Amino acid sequence: MAIEFTRDLIKIDEVVGEQLSQALVEADIIVPEAKPDIAKILDVLGRVVINSKEAIQDKVMVEGTIKYNILYVADGDNQYLDSMDVETSFTHYIDMPDIKPKMVPYVNIYVEHLDYDIINSRKISIKAVLDVNAKVNQELQLEAIKDFKDEEKVQALKDDIMISTSQGQGVSQAVIREDVVLDDDMPSIHRILREKVQTTIDDKRTADNKIVVNGTIDVGILYLCEEDSRPINYFDCQIEFGHFVDIPGAYQGMDCDANVTVEDVYVEAREDINGELRIIGIEVLLSVEGEVFEIENKRIVTDAYSPQTRLQLKKRSVKLVEGMGEGQSQTVVKENISFPQGMPEADEVMHVSVQPIISDEEIREGQVIIEGILASNIIYRSGEMGGVVGNFQEDIPFRQAVEINGIIEDMYSKSSLQVEDVKFVLLSPDEMELKVNIAARSEVWTISEKEILLGFEEVEDKEPNEGGIFIYFVKPRDNMWNIAKRYNTTIENILKYNDIEDEDHLEAGSRIIIYKKFDYQVSAQ
């Protein structure tokens, strides 16, 4: 009689591949005609905008733009400060075996290091090292065996799994506009040198046919004023934003994920009622990506055998990702920095830019431990050299922990850092104190590989099903299932003739007695 069973359609977002790589982007930058010649570069910042990403055969292709802000001392008698905003494009391929077109890639890119040289007063060379993190998913629809109707005829090993399935994605753009006014104790603006913008998602939730995202935009403005005693000033502010992404079929209560990136920034100094440039008009173009998920628990059959006949199984191995939690923390890194030998003594520290870089992270004792450096660029003025502006770099090591309940060492983590605040004071002509407030955010997940039973065939067993009494000594990593399957009997039959206290934890070296009946048939003469 044929073995009867039932099936279940299982939809799975399977991780096909995940890869970390680096890209080197080199470019020669020409100073725009409207800008003065370069005498000395003080600082270069770069941010990446991803224009497109696509899965192709065995690769992920990414096209993007690096937007640079270059702060420099202009050539000439006055040697005043100026800046320029330029950009360069790049294309990067990430090798990932088994990737096929139409799979869904997820890509994050950050500037890990910048190096630059002045070729001449109108041309500079920039090299950017990019950290690229790519992950590719595919949607699987599997008709799996759910259960066998005759449990005595077929022994089935089952497992509970949590399946997260994407139910839709969407992308939209938002333009955020805000006018802000300088604090009363700050001088008026002569020229804006640099704007630095970073975003934080404070809340994300699903509603009918959309994801709602609320967050904060941190804006920092470095500007030049006409006061000789304080030529460079830094003003920062926060702008709240709210936006939604249309995703047909989404409904309240579904799990969701969102990502917000800054595509473009425009700032303009405007006059107040007294005719002074004290109002800053800010316009930020955001790209908001959203995805909704349906999470359900499934009980699947991972293995089977029959004590009565031999089965040839058809299985499919899948990789499942399960989120284990998110967390965040803040820490203040305080460091006394000595000026390099041979540099002129400082009268004033004018500005410090800080970029946090993660060098390593690991999970230990319920925490994500982050180690990294704060790549700091110090710009100062020296009266010893007639008020000339100089700069130097200092890498400051730091460690930060993010607590997340329930996480253990063999899980995976991904963290990001954001500089919340930078404070500095000149202690002496050759020493300064730097305090940096860092916000860390971490997410942790597990990747498990499961076998799902898709089908089977009954095949003729040429070897006789021998009966008798067998004595088996438990080996490390043995369990009741593989012992019963090895001897083509049932777990119930083994338990019947053995005094086993805990069938889920067998002691290596212990003895198990296995009784098997000899099945035979008498041929009619």
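Fair warning: this is a prediction, and the values are worked out from it, not measured in the lab. (Residues numbered from 1 in each chain as written. Predicted model: local features only at pLDDT ≥ 70, side-chain atom pairs only at ≥ 80, totals over all residues. Heavy atoms only, no water.)

### Remarks on the overall build of the protein
For the protein, the count of helices and strands is 2 helices and 20 strands. What you see for the protein is a C-alpha radius of gyration of 32 Å, clearly larger than the 24 Å of a compact globule of 525 residues, by over 25%. Dimensions of the protein, computed from the C-alpha atoms along their principal axes, are close to 120 × 50 × 40 Å. Expressed as a percentage of its 525 residues, the buried residues of the protein come to 44%. Within the protein, counting contacts between residues at least 6 apart in sequence, those at least 24 apart form 77% of the total. The centroid of the 53 positive side-chain charges in the protein is displaced by 8 Å from the centroid of its 102 negative side-chain charges. (Helix = DSSP H or I, 4+ residues; strand = E, 2+ residues; numbered from the N terminus. Rg over C-alpha atoms; globule rule 2.2 N^0.38 Å. Buried < 20%, exposed > 50% of the residue type's maximum accessible area, 1.4 Å probe, protein only. Contact = heavy atoms within 4.5 Å. Lys, Arg positive; Asp, Glu negative; His and termini not counted. Charge placed at Lys NZ, Arg CZ, Asp CG, Glu CD.)

### So, the sheet that holds strand β3 (residues 59-74)
Pairing is antiparallel in the open sheet, where 3 strands are placed in the order β2-β3-β4. The sheet terminates laterally at β2 (38-56) and β4 (81-95), the two strands that pair on one side only. If you compare each strand with its neighbour and ignore which way they point, the axes differ by 15 degrees on average. The sheet contact formed by β2 and β3 spans 16 bridges and is antiparallel. Within the sheet, the bridge partner assigned to Lys-40 lies in β3 and is Val-73. (Pairing = 2+ DSSP bridges. Axes fitted to C-alpha atoms, helices over the stretch in contact; angles between N-to-C directions.)

### A few points about the sheet that holds strand β5 (residues 104-120)
Spatial strand order, β1-β6-β5: 3 strands in an open sheet with antiparallel pairing. Either end of the sheet is taken by a strand with one partner, and the two such strands are β1 (5-30) and β5. Sheet twist, expressed as the average angle between the axes of neighbouring strands with direction ignored, equals 5 degrees. Two strands pair when backbone bridges link them, and β1 and strand β6 (residues 123-148) are joined in this way by 25 bridges, in the antiparallel orientation. Across the sheet, Val-25 pairs through a bridge with Ala-128, a residue of β6.

### Topic: the environment of Val-422
Inspection of the secondary structure assignment puts Val-422 in strand β17 (residues 412-428). Among the residues examined, Val-422 registers a relative accessible area of 24% and is labelled partly exposed. For the pair Val-422 and Met-254, spaced 168 residues apart in sequence, the C-alpha to C-alpha distance is 39 Å. Once residues within four sequence positions are removed from consideration, Val-422 is found in contact with Val-352, Val-354, Leu-434, Lys-435 and Val-436.

### Topic: the pattern of salt bridges
Here the idea is simple: oppositely charged side chains can pair when their charged atoms come close. Applying the stated criterion across every chain yields a total of 28 salt bridges. For Lys-59, the salt bridge is made with Asp-95, and the minimal N-O distance between the two is 2.5 Å. With Lys-59 in strand β3 and Asp-95 in strand β4, this residue pair connects regions lying 36 residues apart in the sequence. Residue classification places Lys-59 among the partly exposed residues on the basis of a relative accessible area of 30%. Sharing partners across several salt bridges, the network here consists of Asp-303, Lys-315, Glu-451 and Lys-485. (Salt bridge = Lys/Arg side-chain N within 4 Å of Asp/Glu carboxyl O.)

### Here's the deal with the environment of Pro-397
Here Pro-397 lies in strand β16 (residues 388-403). When its relative accessible area of 62% is taken as the criterion, Pro-397 is described as exposed. C-alpha separation for the pair Pro-397 and Ala-55, spaced 342 residues apart in sequence, amounts to 37 Å.

### A closer look at the confidence of the model for the protein
Confidence along the protein averages 91 in pLDDT terms, with 96% of residues attaining 70 or more. For the protein, strand β20 (residues 511-516) is the element with the lowest average pLDDT, namely 88, and strand β9 (residues 210-224) is the one with the highest, namely 96. Across residues 520-525 the pLDDT falls below 50, and counting only partners more than four positions away or on other chains, this stretch makes 0 contacts in the model. (pLDDT = per-residue confidence, 0-100.)

### Let's talk about the packing of aromatic side chains
Applying the stated criterion across every chain, the model contains 11 aromatic pairs. Look at Phe-470 and Tyr-487: their rings are 5.5 Å apart centre to centre, the planes differ by 45 degrees, and that puts the pair in the tilted class. You can see Phe-470 sitting in strand β19 (residues 468-473) and its partner Tyr-487 sitting in the loop between α1 (480-486) and α2 (491-496), a full 17 residues away along the chain. Taking the centre distance of 5.9 Å and the plane angle of 75 degrees together, the rings of Tyr-472 and Tyr-487 count as edge-to-face. Placement of Tyr-472 in strand β19 and of Tyr-487 in the loop between α1 and α2 is noted, with a sequence separation of 15 residues between them. Ring pairs connect the aromatic residues Phe-5, Phe-148 and Phe-456, which therefore count as one cluster. Just above the ring of Tyr-106 sits the side chain of Lys-135; from NZ or CZ to the centre is 5.5 Å. Above the ring of Phe-244, the side-chain terminus of Lys-210 is found at 4.9 Å from the ring centroid. (Phe/Tyr/Trp six-rings, centres within 6.5 Å; stacked < 30°, edge-to-face > 60°. Lys NZ or Arg CZ within 6 Å of the ring centre and 35° of its normal.)

### Things to note about the pairing of β6
Of the pairings in the sheet, the one linking β5 to β6 comprises 15 bridges and is antiparallel in character. Looking at β6, one finds that Val-111 is bridged to Leu-130. Where β5 folds back onto β6 in an antiparallel hairpin, the turn is made up of 2 residues.

### Here's the deal with the nonpolar core
Judged by nonpolar contacts, the single largest core of 36 residues is most densely connected at Tyr-68, Ile-70 and Leu-130. Of all the secondary-structure elements, those providing two or more residues to this core are β1, β2, β3, β4, β5 and β6. In this structure Leu-130 touches Ser-21, Gln-22, Ala-23, Val-25, Val-48, Ile-66, Phe-90, Ile-109, Tyr-110, Val-111 and Glu-112, once residues within four positions along its chain are discounted. Counting residues in hydrophobic clusters, the runner-up holds 35 residues, among them Ile-217, Ile-280, Val-284 and Val-292. (Core = buried A, V, L, I, M, F, W, Y, C linked by side-chain atoms within 4.5 Å.)

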